[in-house]
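Residue-level structural notes
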2 protein chains.
Amino acid sequence: MELIDKGVLIVLSGPSGVGKGTVRAKVFEESHHSLAYSVSMTTRKPRVGEVDGKDYFFVTHEVFKQRLAEGKFLEHAEFVGHFYGTPLDDVQKRLDAGKDVMLEIEVEGALQVKKVMPDACFIFVAPPSMDELHYRIINRGTEDPARVAGRMKKAEVEIGLAHEYDYIVINDTVENAKNRIMAIIDAQHSRSDRVLEGYRQKILNPN
Amino acid sequence: MELIDKGVLIVLSGPSGVGKGTVRAKVFEESHHSLAYSVSMTTRKPRVGEVDGKDYFFVTHEVFKQRLAEGKFLEHAEFVGHFYGTPLDDVQKRLDAGKDVMLEIEVEGALQVKKVMPDACFIFVAPPSMDELHYRIINRGTEDPARVAGRMKKAEVEIGLAHEYDYIVINDTVENAKNRIMAIIDAQHSRSDRVLEGYRQKILNPN
């Protein structure tokens, strides 16, 4: 009996500036699982170096709202005036093909996904300290002081929602955070609800 | 602020003959966590090479029943005429000291532990096939044909209870099973309920 194991949906989230993107890139580099990255859609303008269809699908407000009305997003969020969303069909297609899909999204969006797909794996990437988060946000150099203060305030609120996640990975170093996330992904593949789907049939009635 | 993180209780279980002991030994050899092995108490006679206080505490029926009456076991089970039990005080002491404790126990006992400590991590070690399980039981050379048949029947019942566990690790090779279990243990240390206990206080009110 040939069974294709469905992929695991991994939702990576956490405060802006905590370093989710760097950690995610490292996981993709080293994981032995067949990881796929779902490309989000956004109405914000591309930053220097960002590529359409790779970093994001960059669309107009009109296109975004049309798709939203058609129920074509797994989650969506507004952030400093811009919309971000995860195309549902794209995610489902990859999972069905046996790929693990990792979403890197805002906390607001992650909680939306939890309502639709509660069995997904929710990981909150947390800073080792608020001072360190402040330092990282400033160091990014893209935000003015008022925005930095806003992000710090928002981070506190988001950390207050961390109990909604299955796992909390403290990003003290990229290497540590990467290792923790890889272990979590491995463990997902041994979850009894996943394994049992095909196992009992295969083992007790093998033909 | 200095916090000692409590250890994780890991319950390793599965059909007799599946190779739990070998896998467990390998995990202890390689894990970077501070793993402790809880020594069970039993009324069965030592096998050749087994050491009292290391492999088991070997006691009489009278001593076992006295301790049972005093509520001193986390779980206990009867198996082919003999009693087996896990001393509660010993486990709790090690967890409080920050050690991960791994119990290797029968399915019946594991389900008892689940009632007392539902937050523990329950891992079912499963055979890759029933033929392979049969082969492993026979290969052990300690059982007569009637007992082998009894164990196979019991294994089917136990596999039918595998959904009660958090994880199912298929023991195709010791190396694979060991890696899966090590990832599961790592992931337990990132579980949000564990991490959050100290994290919010530490990060939002650091002194």
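Above this text sits the structure in question.
Not measured: the values here are computed from a predicted model. (Residues numbered from 1 in each chain as written. Chains lettered and ligands numbered in written order. Predicted model: local features only at pLDDT ≥ 70, side-chain atom pairs only at ≥ 80, totals over all residues. Heavy atoms only, no water.)

1. Things to note about the overall build of chain A
Scanning chain A for helices and strands turns up 8 helices and 9 strands. Taken against the 2.2 N^0.38 rule, which gives 17 Å for 207 residues, the C-alpha radius of gyration of chain A at 18 Å falls within 12% of a compact globule. Counting only C-alpha atoms, chain A reaches 65 × 40 × 30 Å along its principal axes. The 207 residues of chain A split such that 47% are buried. Here the contacts in chain A between residues at least 6 apart in sequence split such that 68% fall between residues at least 24 apart. Of note, chain A has its 28 positive side-chain charges centred 1 Å away from the centre of its 32 negative side-chain charges. (Helix = DSSP H or I, 4+ residues; strand = E, 2+ residues; numbered from the N terminus. Rg over C-alpha atoms; globule rule 2.2 N^0.38 Å. Buried < 20%, exposed > 50% of the residue type's maximum accessible area, 1.4 Å probe, protein only. Contact = heavy atoms within 4.5 Å. Lys, Arg positive; Asp, Glu negative; His and termini not counted. Charge placed at Lys NZ, Arg CZ, Asp CG, Glu CD.)

2. Points about the side chain of arginine 44 of chain B
Residue and element names in this part refer to chain B. Locating arginine 44 in the fold gives a position in the loop between β3 (40-42) and β4 (56-58). Arginine 44 gets classed as buried once you look at its relative accessible area, which sits at 8%. Side chain to side chain, arginine 44 and glutamate 50 meet in a polar contact 2.8 Å long. Sequence-distant contacts of arginine 44, that is, excluding residues within four places in its chain, are made with Glu50, Tyr56, Phe58, His82, Phe83 and Tyr84. (Polar contact = N/O pair within 3.5 Å; in protein donor to acceptor, adjacent residues only side chain to side chain.)

3. What to know about the environment of glycine 198 of chain B
Residues and elements named next belong to chain B. With respect to the helices and strands, the residue glycine 198 is situated in helix α8 (residues 192-204). Judged by relative accessible area, which is 14%, glycine 198 ranks as buried. Separated by 193 residues in sequence, glycine 198 and aspartate 5 have C-alpha atoms that sit 8.4 Å apart.

4. Details of the interface of chain B and chain A
Every contact between the two is made by 31 residues of chain B and, on the other side, 31 residues of chain A. For the chain B and chain A pair, buried surface summed over both sides reaches about 2400 Å², with 67% attributable to carbon and sulfur atoms. On the chain B side of the contact with chain A, Ile168, Ser190 and Tyr199 of chain B bury the most area, a combined 23% of that side's loss. Our count for the chain B to chain A interface comes out at 0 salt bridges. At the surface where chain B touches chain A, the tally comes to 9 residue pairs in polar contact (both at pLDDT 80 or more). Listed by contribution, the elements that provide at least two residues to the side of chain B that touches chain A are α6 (145-159), β9 (167-170), α7 (174-188) and α8 of chain B. With 7 residues, α8 of chain B is the largest single contributor of residues to the side of chain B that touches chain A. Here the residues of the side of chain B that touches chain A sort into 20 nonpolar, 5 polar and 6 charged. (Buried area = accessible area lost by both parts, 1.4 Å probe. Salt bridge = Lys/Arg side-chain N within 4 Å of Asp/Glu carboxyl O. Nonpolar A, V, L, I, M, F, W, Y, C, P; charged D, E, K, R; others polar.)

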